[in-house]
Amino acid sequence: MLEEKYYPDRKLAKDARIRNMCEYRELMEWAKEDYEGFWDHWAKEKIEWISPYSKVLDESDAPFYKWFIDGKLNVTQQCIDRHIEIRKNKAAIIFEGDRGDKQIITYLELYRNVNRMANLLRNEFGVQKGDRVVLYMPMIPEAAYAMLACARLGAIHSVVFGGFSAEALRDRIEDAGAKVVITADGAFRKGKPYMLKPVVDEALKNGCESVEKVLVVQRNFADIAWIGARDYSYNELVVSQPDECEAETMDSEDPLFLLYTSGSTGKPKGVQHSQAGYILWAQMTMEWVFDLKENDTFWCTADIGWITGHTYIVYGPLAAGATTVMFEGVPTYPDAGRAWKMVEEYRINQFYTAPTAIRVLHKLGESEPQKYNLSSLRVLGTVGEPIDPPAWKWYYESVGGGRCSIVDTWWQTETGGHMISPLPGATPIKPACATFPLPGIMAEVIEPDGSPVKSGEQGLLCITRPWPSMIRTIWGDPERFAKSYFSDAVKDGRAVYFSGDGAVVDDEGYITITGRVDDVINVSGHRMGTAEIESAIKKHPHVAEVAVVGKPDELKGESIFAYIVLKDTESGLGEEVELNREINDVIAGEIGNIAKADSIVVVPGLPKTRSGKVMRRILRAIAKKEPITQDISTLEDPSIVGKIENALKCSGC
Ligand code: PRX
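Residues numbered from 1 in each chain as written. Predicted model: local features only at pLDDT ≥ 70, side-chain atom pairs only at ≥ 80, totals over all residues. Heavy atoms only, no water.

**Student:** In this structure, what is going on with the domain arrangement of the protein chain? I would like to understand it.
**Tutor:** Looking at the assigned domains, one finds that the protein chain contains domain 1 (62–77 + 95–275 + 299–329) and domain 2 (524–651). Between domain 1 and domain 2, the C-alpha centre-to-centre distance is 36 Å. Where domain 1 packs against domain 2, one counts one salt bridge. Arg172 is paired through a salt bridge with Glu532; the nearest N and O atoms lie 3.9 Å apart. Taken together, the residues of the side of domain 1 that touches domain 2 break down into five nonpolar, eight polar and three charged. (Domains from an automatic or database assignment. Salt bridge = Lys/Arg side-chain N within 4 Å of Asp/Glu carboxyl O. Nonpolar A, V, L, I, M, F, W, Y, C, P; charged D, E, K, R; others polar.)

**Student:** Help me out: how do you make sense of the environment of Leu361 in this one?
**Tutor:** With respect to the element layout, Leu361 can be found in helix H13 (residues 355–364). Other than its neighbours up to four places away in sequence, Leu361 contacts Pro331, Thr332, Ala336, Trp340, Glu366 and Trp394. (Helix = DSSP H or I, 4+ residues; strand = E, 2+ residues; numbered from the N terminus. Contact = heavy atoms within 4.5 Å.)

**Student:** Help me out: how do you make sense of the pattern of salt bridges in this one?
**Tutor:** Where side chains of opposite charge bring their charged atoms close, a pairing between them can arise. Applying the stated criterion across every chain, the model contains 52 salt bridges. Ionic pairing is found between Arg152 and Asp81, a salt bridge with its closest N-O pair at 2.9 Å. Separated by 71 residues along the polypeptide, Arg152 in helix H6 (residues 141–153) and Asp81 in helix H4 (residues 75–87) bring together distant segments of the chain.

**Student:** I tried to follow the site of the ligand on my own but got confused; where do I start?
**Tutor:** Asp408, Thr409, Thr413, Asp501 and Arg527 are the nearest of the 17 residues found near the ligand. Gln412 places a polar side-chain atom, nitrogen or oxygen, 2.9 Å from an oxygen atom of the ligand. Listed by contribution, the elements that provide at least two residues to the shell around the ligand are helix H11 (307–319), strand S20 (405–409) and strand S26 (511–516). A breakdown of the residues in the shell around the ligand according to their chemical character gives six nonpolar, six polar and five charged. (Near = heavy atom within 4 Å. Polar contact = N/O pair within 3.5 Å; in protein donor to acceptor, adjacent residues only side chain to side chain.)

**Student:** Help me understand the packing of helix H5 (residues 107–125) against H6, please; the structure alone is not making it clear to me.
**Tutor:** Working note: a packed helix pair is described by the angle between its axes plus the distance between those axes. For the pair H5 and H6, interaxial distance at closest approach is 8 Å and the crossing angle is 65°. Helix-helix and strand crossings are classified by hand; for H5 and H6 the assignment is right-handed. Contact residues: Leu110, Tyr111, Asn113, Val114, Asn115, Met117, Ala118, Leu121 and Arg122 in H5; Glu142, Tyr145, Ala146, Leu148, Ala149, Cys150, Arg152 and Leu153 in H6. Taken together, the residues of the contact of H5 with H6 sort by class into twelve nonpolar, two polar and three charged. (Axes fitted to C-alpha atoms, helices over the stretch in contact; angles between N-to-C directions. Left-handed = near helix turned anticlockwise from the far one by under 90°.)

**Student:** What is the right way to look at the packing of helix H10 (residues 276–289) against H11 in this model?
**Tutor:** One way to put it is that H10 packs onto H11 with a least axis distance of 8 Å and a crossing angle of 85°. It follows that H10 is roughly perpendicular to H11 by the angle criterion. The residues of H11 that touch H10, namely those facing Tyr278, Ile279, Ala282, Gln283, Thr285 and Met286, are His310, Thr311, Tyr312, Tyr315, Gly316, Pro317 and Ala319. A breakdown of the residues in the contact of H10 with H11 according to their chemical character gives eight nonpolar, five polar and no charged. (Parallel < 35°, antiparallel > 145°, perpendicular 65-115°, else oblique.)

**Student:** Sorry if this is basic, but what is going on with the pairing of strand S27 (residues 520–523) here?
**Tutor:** Look at any regular strand and the pattern is simple: side chains alternate between the two faces of the sheet. Side chains of S27 alternate between two faces, with Val520 and Asn522 and Ile521 and Val523 buried alike. Across four bridges, S27 lies against strand S28 (residues 526–529) in antiparallel orientation. Paired with Asn522 across the strands is Arg527, a residue of S28. Between S27 and S28, which follow one another and run antiparallel, lie two residues, and Ser524 among them has a positive phi close to 50°. (Buried < 20%, exposed > 50% of the residue type's maximum accessible area, 1.4 Å probe, protein only. Pairing = 2+ DSSP bridges.)

**Student:** Hey, could you run me through a negative patch on the surface in this one?
**Tutor:** A contiguous patch of negative charge on the surface is contributed by Glu29, Glu33, Asp34 and Glu36. Within the fold, Asp34 resides in the loop between helix H2 (21–33) and helix H3 (35–46). (Patch = residues over 30% accessible without salt bridge, like charges linked within 9 Å, V, L, I, M, F, W, Y side chains within 5 Å. Areas by Shrake-Rupley, 256 points an atom, 1.4 Å probe, with all protein chains shown as cover. Lys, Arg positive; Asp, Glu negative; His and termini not counted. Charge placed at Lys NZ, Arg CZ, Asp CG, Glu CD.)

**Student:** How should H3 be read in this particular structure?
**Tutor:** Each α-helix winds once per 3.6 residues, and so residues spaced three or four apart point in a common direction. End to end, H3 covers 17 Å across twelve residues, agreeing with the expected 16 Å (1.5 Å per residue, within 8%). Along H3, the residues classified as buried are Tyr35, Phe38, Trp39, Trp42, Ala43 and Lys46. Summarising the axial view, the buried residues of H3 lie within an arc of 125°, below the 170-degree limit, and thus occupy one face. As for H3, its buried residues are in contact with H2, strand S1 (55–58), strand S2 (66–69), H4 and H10. (Expected span 1.5 Å × (residues − 1). Arc of directions from axis to C-beta.)

**Student:** Before we go on, may I ask you to explain the sheet that holds strand S16 (residues 297–300) in this structure?
**Tutor:** Backbone-to-backbone hydrogen bonds pair the strands of a sheet. The strands run either parallel or antiparallel. Read from one edge to the other, the open sheet built from seven strands follows the order S5-S4-S17-S16-S18-S19-S20, with strand pairing classed as mixed. Two strands in the sheet have a free side with no partner beyond their single neighbour: strand S5 (102–106) and S20. Across the sheet, the axes of successive neighbouring strands diverge by a mean angle of 20°, strand direction being ignored. When S16 meets strand S17 (residues 323–327), the two strands line up parallel, connected through three bridges. The partner of Thr297 across the bridge, within S17, is Thr323.

**Student:** It is not clear to me how the nonpolar core should be interpreted in this structure. Could you clarify?
**Tutor:** What tends to happen in soluble globular proteins is that the nonpolar side chains get buried as a cluster. Ranked by size, the top nonpolar core spans 167 residues in total, and within it Trp39, Leu110, Leu121, Ile304, Tyr315, Ile533 and Ile537 carry the most contacts. Top element by residues in this core is H6. It accounts for ten residues. When residues are assigned to domains, this core turns out to be shared by domain 1 (62–77 + 95–275 + 299–329) and domain 2 (524–651), each giving three or more. Every residue in contact with Tyr315, bar those within four places of it in the chain, is listed here: Val75, Cys79, Met147, Leu148, Ala151, His157, Leu256, Phe257, Tyr278, Ile279 and His310. Residues Tyr6, Val343, Trp392 and Tyr396 belong to the second largest nonpolar core, which totals 30 residues. (Core = buried A, V, L, I, M, F, W, Y, C linked by side-chain atoms within 4.5 Å.)

**Student:** How should I be thinking about the side chain of Asp296 in this particular structure?
**Tutor:** Among the structural elements, Asp296 can be located in the loop between H10 and S16. On the accessibility criterion, Asp296 (5% relative accessible area) is buried. From its side chain, Asp296 meets the backbone nitrogen of Lys293 in a polar contact 2.8 Å long. Only 2.8 Å separates the side chain of Asp296 from the side chain of Gln350, close enough to count as a polar contact.

**Student:** Looking at this structure, how should I read empty space enclosed by the protein?
**Tutor:** Space left empty within the atom packing is revealed by a probe, the size of a water molecule, rolled over the atoms. According to the stated counting rule, one finds two cavities of 30 Å³ or more in the structure shown. The calculated volume of the largest cavity comes to roughly 50 Å³. If you go around the largest cavity, the residues you meet are Tyr65, Ile463, Thr464, Arg465, Pro466, Trp467, Met470, Phe486, Arg494, Ala495, Val496 and Tyr497. Here the element with the most residues in the lining of the largest cavity is strand S25 (residues 494–505); it accounts for four residues. Taken together, the residues of the lining of the largest cavity break down into nine nonpolar, one polar and two charged. Here the second largest cavity is characterised by a volume of approximately 50 Å³. If you trace the second largest cavity, you find it lined by Val159, Val160, Phe161, Phe164, Arg172, Leu259, Tyr260, Gly305 and Trp306. Taken together, the residues that form the lining of the second largest cavity break down as seven nonpolar, one polar and one charged. (1 Å grid on protein atoms, 1.4 Å probe; cavity = no way out; pocket = protein on both sides within 12 Å on 5 of 7 lines; lining within 4 Å. Points joined across faces, edges and corners; volume = space filled by probe spheres on them.)

Written out as structure tokens, the structure reads:
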């Protein structure tokens with residue numbers, strides 16, 4: 001373990017927005033002493049309101065907290081219109097395609113493109129405030145236009161990651177009751193075209209009655225089927241649209257978007273975010289955590305299908321008036337120097353990615369960063385999963401030249417923006433540690449009764465006061481919202497938000513995230529519910545029972561490990577390899593390739609208690625080849641443990 005602390009570079013600290021720990025503590029004290037006053041100050045300073053709010057926070061209907069009551073705004077005015085006067089010809093988006101094609105979109109062009117798309121949706125498709133629009137898009141500028149066009153009209157967008165299958169897409173369209181789907185014919189990956197529109201066609205084949213129109217951006221100009229009176233070409237329709245579109249007046253608490261994420265049950269949750277609170281924190285964290293300055297160029301490598309892409313490719317950077325880089329493809333194509341070449345080419349100042357990407361880039365091109373001029377970099381970020389010290393060290397030394405601050409940002413789809421992170425000009429960093437809660441965020445590691453955990457012991461990572469960018473509800477299921485997030489811990493007599501993560505606090509107050517304590521696993525920074533994967537696998541006709549656990553993986557952080565009990569062991573199944581392939585095909589069809597299992601082992605049974613509960617802890621230990629410390633005598637059949645271990649030995653897993 002690396003024990004030492006890394007202090008911010010002197011010059012970086014001198015010019016930073018938060019310059020030292022005293023300034024950090026002052027902000028935190030202010031928030032603790034006058035919580036509403038703190039947020040009132042920032043909301044007034046940062047947001048361009050159409051009309052002001054009458055109250056900062058309404059806690060009367062907890063946990064359905066409301067922020068900036070009665071305030072009116074439009075998020076696209078915050079992200080675009082207000083920049084036109086002073087930044088009209090500044091690059092808003094720099095786009096680089098998979099094949100090296102480039103586009104620079106200025107704020108003025110962004111304004112026009114978003115307005116044209118909004119007019120198209122309003123005039124041709126009748127999209128109105130409150131309608132749901134599902135986006136199934138590749139990483140192209142039109143994806144950002146589509147999100148912003150929805151926001152301009154007050155329609156609620158729900159972006160579905162392009163790697164999800166038709167089945168998963170259908171579930172999300174149906175749950176949201178979407179009126180319109182926006183997609184592309186396809187796009188490019190590793191130099192080759194791939195398709196998206198056929199997946200939408202497949203999803204809409206059964207059900208999805210709410211969908212009236214499909215808008216197709218032609219990106220790779222592949223041959224696709226066009227269904228009359230349903231499918232329309234964006235490229236054809238957009239040219240005749242006016243480039244002025246009146247922004248809908250939105251209430252602070254109107255929904256801005258839904259984003260589906262996995263929980264510990266099979267059904268994904270439509271996390272609902274609001275307008276004002278979300279955009280406020282998206283902008284503030286851009287400024288504080290990335291220390292964003294006027295001339296900075298910011299690159300977040302996420303996909304817009306995840307919350308990181310929402311907050312730190314589109315909404316945060318644009319609200320802050322930054323230049324945001326968007327890229328299609330993978331950072332390892334055409335070679336492991338792709339990312340560093342882009343950093344050099346665009347003189348990128350902040351680079352934000354996932355630990356899995358760092359591990360892959362490290363493995364494939366340890367000395368690749370040295371071939372490029374990376375001197376523009378000031379802040380390096382990580383997100384989505386714990387980063388291990390060796391990857392951290394390589395990032396710090398080889399990419400950051402020992403000069404950049406690394407911000408290990410902990411947050412979630414539900415939190416809307418960063419919650420715990422170093423501040424690049426202030427925080428002495430301990431490698432692979434998220435450090436301290438951001439000013440205004442009351443993140444605490446506690447026991448279920450609200451008492452603080454002892455230093456070095458794991459507790460529940462909770463946010464003990466509401467915050468502006470928090471999830472408002474689960475779309476269509478307020479009960480599930482309250483139960484999922486506000487039923488595990490209580491502090492001062494009040495149910496508090498529990499993140500699902502465990503964490504440890506050291507004697508200096510540094511917080512290290514230890515990972516999920518629920519049945520959610522994190523593969524390459526992608527969050528997946530074991531129950532979701534299990535219900536997919538159960539659709540295989542020969543599977544009687546299944547249990548999925550996460551297994552530590554050198555590159556992906558965690559990999560998916562499935563224990564299968566067959567209905568009939570003599571069912572004439574072919575080779576084990578064949579079964580594994582079939583099961584992974586089922587997963588790919590039900591969820592998508594991202595949920596494929598790395599290890600599938602057929603076992604004679606699962607370790608269950610007498611009441612029938614599967615003991616996953618035992619299965620996790622077996623997968624990790626760790627000794628079983630739990631008392632197995634209470635199992636319905638204690639001998640099953642040895643049998644499972646044998647099955648693993650035979651299968652070579
Ligand atoms: O387990 C935590 C992990 O990712 C989960 C949230 O996943 P998702 O909602 O998909 O959002 C990912 C991007 C914000 C968390 O519950 N996680 C996120 N950031 C970190 C992390 N684990 C360790 N360190 C982090 N910095």
